Amino acid sequence: MKVLSVNVGRPRPNPWKGIEATGIDKRPVDGPVLVTAPGPKGTGQVGLAGDRVYDVAHHGGPDQAVYAYAREALDRWEAELGRALRNGAFGENLTTSGVDVDGALIGERWRVGADLVLEVSCARIPCGTFQGWLGEHGWIMRFTEAARPGAYLRVVTPGSVRAGDRVEVVHRPDHDVTAAVVFRATTREPELLPRLLVADALPGEDRERIRRRLEASAAVATHDGPEEAR
């Protein structure tokens, strides 16, 4: 398991959303890149030095410090779309090889290289910028149906990362909630939502959103239930 490339964004205009710029255009860089825990969400900060996000309401911050996507998943998309996808094409910071990114457990920890330790926090949710960047009609729906979201990671121990660094799983929590399960539950399969609550490492705002959805569903079920069950 290793890092194939480390990808840093270059700002470019964003005609697909009502904000001035986007950092989705991430390109492989040479040499080591320092990775540290960013400031709070809303500042545009992310984990990799020299990178940032511009849709600060939805991206960045400690729980979305680093985004990883597997080269194997990109290869599947290449075959399905009939076009080449370079490393970084999905806006990922780390393009990996041999790492089951979608099957990584929430709270799973990776040692990357000598010092860097990252923790899987949540799944990527596609947006209009992603669809516009790829130029694929109906991309949000297609990406959602495939349920190969990649994973956001938070920084536990800062360090440097470079292409070729080994990735080692150093901790796996005692549950079965993967990045792919979180993605499926929060998009097309809400019946999976109760499973997510055991994943303590999910971002607090995500856990609160899940609780609200479950409470709303319970209230609807109670209201719509048979009269004798009330």
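Presented here is a report on the structure given in the accompanying data block. All residue numbers here refer to positions counted from 1 along the written sequence of the relevant chain. Given that the model is predicted, a residue must reach a pLDDT of at least 70 before its local features are reported, and side-chain atom pairs must reach 80 or more before they are shown or counted; all residues, however, enter totals for whole chains, interfaces and linings. Note that the side-chain values use all heavy atoms of the structure and ignore hydrogens as well as water.

Once that is clear, we can look at the pairing of strand S1 (residues 2-9). Along S1, six of the eight residues are buried, which leaves the element largely enclosed by surrounding structure. Any two strands with at least two DSSP-identified bridges between them are counted as paired. What counts as a helix is a DSSP run of H or I of at least four residues, what counts as a strand is a run of E of at least two, and both are numbered from the N terminus. Where S1 lies against strand S7 (residues 94-97), four bridges are found, and the strand directions are antiparallel. Each bridged residue has a counterpart across the sheet, and for serine 5 the counterpart in S7 is threonine 95. Here S1 pairs with strand S4 (residues 26-28) via three bridges, running antiparallel. In the strand pairing of S4, asparagine 7 is matched with proline 28. The buried label applies to any residue whose accessible area, calculated with a 1.4 Å probe on protein chains only, is under 20% of its type's maximum; exposed applies above 50%, and partly exposed to all values in between.

The subject of this paragraph is the packing of helix H1 (residues 71-81) against helix H3 (residues 139-146). Running from N to C, H1 and H3 point in directions that differ by 130°, and their axes come no closer than 13 Å. With respect to H3, the element H1 is oriented oblique. Where H1 crosses over H3, the handedness of that crossing is right-handed. Where H1 abuts H3, its residues Trp77, Glu80 and Leu81 lie against Trp139, Arg142, Phe143 and Ala146. Looking at side-chain class alone, the contact of H1 with H3 contains five nonpolar, no polar and two charged residues. In this analysis, axes come from line fits to C-alpha atoms, helices being fitted only over the stretch in contact, and the angle between any two N-to-C directions falls in the range 0 to 180 degrees. By the definition adopted for this analysis, an angle is roughly parallel if under 35 degrees, roughly antiparallel if over 145, roughly perpendicular if from 65 to 115, and oblique otherwise. Handedness of a crossing is defined here by the sense of rotation of the near helix relative to the far one, left-handed for an anticlockwise turn of less than a right angle and right-handed for a clockwise turn. When checking whether two residues touch, look at their non-hydrogen atoms; a contact exists if any pair is within 4.5 Å. Under the convention adopted here, Pro, Cys and the residues Ala, Val, Leu, Ile, Met, Phe, Trp and Tyr are nonpolar, Asp, Glu, Lys and Arg are charged, and Gly plus all remaining residues are polar.

A separate point is the pattern of salt bridges. Any two side chains of opposite charge can pair if their charged atoms end up close together. By definition, a salt bridge exists where a carboxyl oxygen of Asp or Glu is found within 4 Å of a side-chain nitrogen of Lys or Arg. What the rule picks out here adds up to 20 salt bridges. Ionic pairing is found between arginine 12 and aspartate 25, a salt bridge with its closest N-O pair at 3.3 Å. Taken together, the residues arginine 12 in strand S2 (residues 12-13) and aspartate 25 in the loop between strand S3 (21-22) and S4 connect sequence positions 13 residues apart. A single network of salt bridges, built from pairs that share partners, joins Arg12, Asp25, Arg27 and Arg86.

Counting residues in each nonpolar core, the largest one holds 58 residues, and the members touching the most others are Phe90, Trp110, Val161 and Leu196. If sequence neighbours within four positions are ignored, phenylalanine 90 has contacts with Tyr67, Tyr69, Leu74, Trp77, Leu85, Arg124, Phe130, Leu134, Trp139 and Phe143. Side-chain atoms within 4.5 Å are what join buried Ala, Val, Leu, Ile, Met, Phe, Trp, Tyr and Cys residues into a set we call a nonpolar core.

This next bit is on the environment of arginine 211. On the secondary structure map, arginine 211 appears in helix H6 (residues 204-224). Taking the C-alpha atoms as reference points, arginine 211 and leucine 197, 14 residues apart in sequence, are found 8.2 Å from one another.

A few words now on helix H4 (residues 179-186). Among the eight residues of H4, six are classified as buried, and the element is accordingly described as predominantly covered. Among the residues of H4, those classed as buried are Ala179, Ala180, Val181, Val182, Phe183 and Ala185.

This part is about the state of the cysteines. The rule for a disulfide is simple: a pair of cysteine sulfur atoms within 2.5 Å. Tallied over the entire structure, the rule returns zero disulfides. Here cysteine 122 is not cross-linked by a disulfide; its sulfur's nearest cysteine counterpart is in cysteine 127, at 14 Å.

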